[in-house]
Amino acid sequence: MGTIARYLIPIDSKLSAPEYGNKAKAALLQMEIIFEAEDAPEGLFYNGEKSKEPFQIEPGDDECGFESAGIFSSPHFILVPDEYVDGVSCPKCNADIIERWISEVRDDDGQRVEHVSSDVRILCPNCGAVLRLDQVKGETVAKFYMTDRYVCFWDARPFKPEWVAEFDRQMECHHETFDYWQT
Ligand SMILES: [Zn+2]
């Protein structure tokens, strides 16, 4: 067991990443989904008055819709989910390529690597396939993204599709959702 992270990844946003981040923060604050504590680190938020609204809440759930929320926007691209990932393999030949891949995702100190472009490629040492970092096959992750922006909620129920549609409308772009168990 661990904590589930639920991501909203904008896929056709016309805004710059900082513009997206500011707009997402303003929209979520205005809807009272999130609350910005004075002493919270940049991009980290807590429960607003209406924190349950985006989620498919079930009977017996407590007062809060999630544990904490994150809004990431950067001039650089990172791979998400950006929490610990167990293993990855080549989608063409199934060879284990975690070593080549992880060196482009985490540095020697375990910090996430930020890339200037989303088009970073690695070579499969077994079959020679040239793969984007988000094209690899994850052992515990269904899909990876290279992105310079996202919204994430930790320890939350699945999103309500109608809420995501409303957030899409406010943000003027579509969002793909995915979840990831952080152990
Ligand atoms: Zn291969």
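That block above? That's the structure.
This is a predicted model, so every value here is computed, not measured.

Asks: Help me understand the sheet that holds strand β10 (residues 175-182) in this model?
Replies: On the basis of which strands lie adjacent, the open sheet formed by 6 strands has the order β2-β3-β4-β9-β1-β10 and antiparallel pairing. Single-partner strands in this sheet number two, and they are β2 (34-35) and β10. Strands in contact with helix α1 (residues 17-30) are β1 (3-10), β2, β4 (68-80) and β9 (145-154); relative to β4, the strand with the most contacts, it is inclined by about 170°. Across the sheet, helix α3 (residues 161-171) is in contact with β1 and β10; its angle to β10 comes to roughly 120°.

Asks: Looking at this structure, how should I read the nonpolar core?
Replies: Here is a general trend for soluble globular proteins: nonpolar side chains tend to be buried in one another's company. Ranked by internal contacts, the top residues of the largest apolar core, which has 36 residues, are I97, W101, L133, V136, Y150 and C152. Those elements that provide at least two residues to this core are β1, α1, β4 and β9. Ranked by the residues each element gives to this core, the list is headed by β4, at 7 residues. Three or more residues apiece are contributed to this core by two domains, here domain 1 (3-77 + 144-182) and domain 2 (86-139).

Asks: What's the story with the pairing of β1 in this structure? I'm lost.
Replies: Here 8 bridges tie β1 to β10, and the two strands are oriented antiparallel to one another. For Y7, the partnering residue across the bridge sits in β10 and is F178. Both β1 and β9 contribute to a ladder of 4 bridges, which runs antiparallel. Across the sheet, residue Y7 finds its bridge partner in β9, namely C152.

Asks: How should I be thinking about the environment of K92 in this particular structure?
Replies: Mapped onto the elements of the fold, K92 is located in the loop between β5 (88-89) and α2 (98-102). C-alpha of K92 to C-alpha of K137: the two residues are 45 residues apart in sequence and 9.3 Å apart in space. Those residues within four positions of K92 in sequence are excluded, and the remaining contacts are C124, C127 and A129.

Asks: Is there a simple way to think about α1 in this case?
Replies: Residue pairs spaced three or four apart in an α-helix point in one direction, given the helix's 3.6 residues per turn. Look at α1: 20 Å from first C-alpha to last across 14 residues, which is about the 20 Å you get at 1.5 Å a residue. Of the residues making up α1, those classed as buried are Y20, G21, A24 and L28. The arc that holds the buried residues of α1, viewed along the axis, is 100°, so those residues lie on one side. Facing away from the buried side of α1 by more than 90 degrees, the exposed set consists of A26 and Q30. Where the residues of α1 are buried, they touch β1, β2, β4, β9 and α3.

Asks: Got a minute to help me understand unusual backbone geometry in this structure?
Replies: Backbone geometry follows two general trends: most residues other than glycine have a negative phi, and most peptide bonds adopt the trans configuration. V80 connects to P81 through a cis peptide bond whose omega is 0°. Within the secondary structure layout, P81 lies in the loop between β4 and β5. Backbone geometry places E32, a non-glycine residue, at a positive phi of 60°. With respect to the helices and strands, the residue E32 is situated in the loop between α1 and β2. Non-glycine residue D155 carries a positive phi angle of around 60°. Inspection of the secondary structure assignment puts D155 in the loop between β9 and α3. Taking the C-beta count within 10 Å as the criterion, D155 has 15 such neighbours and is therefore assigned partly exposed.

So, how was this worked out
Residues numbered from 1 in each chain as written. Predicted model: local features only at pLDDT ≥ 70, side-chain atom pairs only at ≥ 80, totals over all residues. Pairing = 2+ DSSP bridges. Helix = DSSP H or I, 4+ residues; strand = E, 2+ residues; numbered from the N terminus. Contact = placed C-beta atoms within 7 Å. Axes fitted to C-alpha atoms, helices over the stretch in contact; angles between N-to-C directions. Core = buried A, V, L, I, M, F, W, Y, C linked by C-beta atoms within 7 Å. Buried ≥ 20, exposed ≤ 12 C-beta atoms within 10 Å, placed from the backbone. Domains from an automatic or database assignment. Expected span 1.5 Å × (residues − 1). Arc of directions from axis to C-beta.

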